Amino acid sequence: MTTAKVDLTLEQPVELLRDRVLAKIRWAIMAGHYPPGGRLLERELCEALGVSRTSVREALRQLEIEQLVATGPRGRPFVAVVTAEAARSIYELREILECAAARLFTARAGPAEMAALQVLAARFRKALESGDLEERLAVKAEFYEVLFKGAGNPDMARVFVQLFNRIGFLRYRSLAKQERAERRASELDDIVERLLERDAEGSEAAIRQHIGAVARAAIDWLESQAGRDG
């Protein structure tokens with residue numbers, strides 16, 4: 001697969017360049033451009049991003065810490081594979097974190113976070129109508145940024161982001177299907193409505209329903225893949 005060259009320049013500060021390389025590779029993995037189990041060739045990444053091997057290696061080391069990348073024989077990096085068992089564990093913890101965040105959000109969020117939720121729900125609907133998958137994925141990521149910001153617990157947010165990223169390719173696969181994306185939009189509308197009403201119990205119930213649906217679909221698919229490969 002040919003990856004378009006990314007507009008990065010070496011004149012940027014080292015910290016900014018490193019962060020942007022990391023973000024680009026992370027997004028490519030989450031969006032399924034590099035599938036689970038697929039090799040990550042340093043030379044190809046360097047050419048695609050227009051950066052040095054040092055920058056790519058630093059990014060891959062960080063992604064290994066985040067469990068998005070693993071290393072095989074001779075230290076060769078590849079995209080980490082999420083098993084059905086691992087996904088089940090991730091979704092269970094994700095439900096706990098999101099429900100806790102919703103309860104805190106309803107107690108702590110200010111007008112800015114409330115307004116942002118309404119904008120994001122409208123953006124998701126618009127992206128659904130236009131068939132813009134990348135926008136749908138971006139909106140979902142921004143929704144959780146707003147949720148955890150309003151919850152006011154940065155440590156909880158950091159744990160959630162790592163979990164959320166690990167199942168990014170499953171989210172991409174789900175939202176790529178129009179029927180599922182429409183169901184996710186309805187679920188998002190329900191969650192947002194309850195949060196705007198500062199309905200803690202209703203928000204948690206809506207989140208549990210949403211996560212239960214996406215978890216079942218993801219785990220069923222992973223189990224079917226494992227059975228086929230076996």
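Just so it is clear, the model here is predicted, and its values are computed rather than measured.

A. Structural view of the overall build of the chain. Looking only at helices and strands, one finds 10 helices and two strands in the chain. Along the chain, helices and strands appear, N-terminal first, in the series α-α-α-β-β-α-α-α-α-α-α-α. At 18 Å, the chain has a C-alpha radius of gyration in line with the 17 Å of a compact globule built from 230 residues. Taken along its principal axes, the extent of the C-alpha atoms in the chain is 50 × 50 × 35 Å. Out of the 230 residues in the chain, the part that is buried amounts to 47%. Accessible surface for the chain amounts to roughly 12000 Å². Of this, 52% is attributable to carbon and sulfur atoms. Averaged over its 35 positive side-chain charges, the chain has a centre that lies 4 Å from the centre of its 35 negative ones.

B. Layout of the layout of surface pockets. Size it by volume and the largest pocket reaches roughly 310 Å³. Lining the largest pocket are 13 residues, and of these Ala141, Glu145, Val161, Phe164 and Asn165 lie nearest its centre. Secondary structure elements with two or more residues in the lining of the largest pocket: α1 (14-30), α6 (133-151) and α7 (154-166). The element best represented in the lining of the largest pocket is α7, accounting for five residues. Classifying every residue of the lining of the largest pocket by side-chain character gives 10 nonpolar, one polar and two charged.

C. Representation of a nonpolar patch on the surface in the model. Taken together, the side chains of Leu93, Ile96 and Val159 present a nonpolar region at the surface, about 250 Å² in accessible area. Looking at where Ile96 falls in the secondary structure, it is placed in helix α4 (residues 84-108). On the basis of relative accessible area, Ile96 is assigned to the exposed category, the value being 56%.

D. Representation of the nonpolar core within the structure. One finds Tyr91, Phe105, Phe143, Leu147, Phe148 and Leu195 to be the most contacted residues of the largest nonpolar core, which totals 51 residues. Among the secondary structure elements, those contributing two or more residues to this core are α4, α5 (111-130), α6, α7, α8 (168-175), α9 (178-196) and α10 (200-229). Those residues in contact with Phe105 that lie beyond four places of it in its chain are Glu113, Met114, Leu117, Val146, Leu147, Gly150, Ala151, Leu195 and Arg198. Within the second largest apolar cluster, 19 residues are counted, among which are Cys46, Ala59, Val69 and Val79.

Quick notes on the rules
- Residues numbered from 1 in each chain as written.
- Predicted model: local features only at pLDDT ≥ 70, side-chain atom pairs only at ≥ 80, totals over all residues.
- Heavy atoms only, no water.
- Helix = DSSP H or I, 4+ residues; strand = E, 2+ residues; numbered from the N terminus.
- Rg over C-alpha atoms; globule rule 2.2 N^0.38 Å.
- Buried < 20%, exposed > 50% of the residue type's maximum accessible area, 1.4 Å probe, protein only.
- Areas by Shrake-Rupley, 256 points an atom, 1.4 Å probe, with all protein chains shown as cover.
- Lys, Arg positive; Asp, Glu negative; His and termini not counted.
- Charge placed at Lys NZ, Arg CZ, Asp CG, Glu CD.
- 1 Å grid on protein atoms, 1.4 Å probe; cavity = no way out; pocket = protein on both sides within 12 Å on 5 of 7 lines; lining within 4 Å.
- Points joined across faces, edges and corners; volume = space filled by probe spheres on them.
- Nonpolar A, V, L, I, M, F, W, Y, C, P; charged D, E, K, R; others polar.
- Patch = residues over 30% accessible without salt bridge, like charges linked within 9 Å, V, L, I, M, F, W, Y side chains within 5 Å.
- Salt bridge = Lys/Arg side-chain N within 4 Å of Asp/Glu carboxyl O.
- Core = buried A, V, L, I, M, F, W, Y, C linked by side-chain atoms within 4.5 Å.
- Contact = heavy atoms within 4.5 Å.

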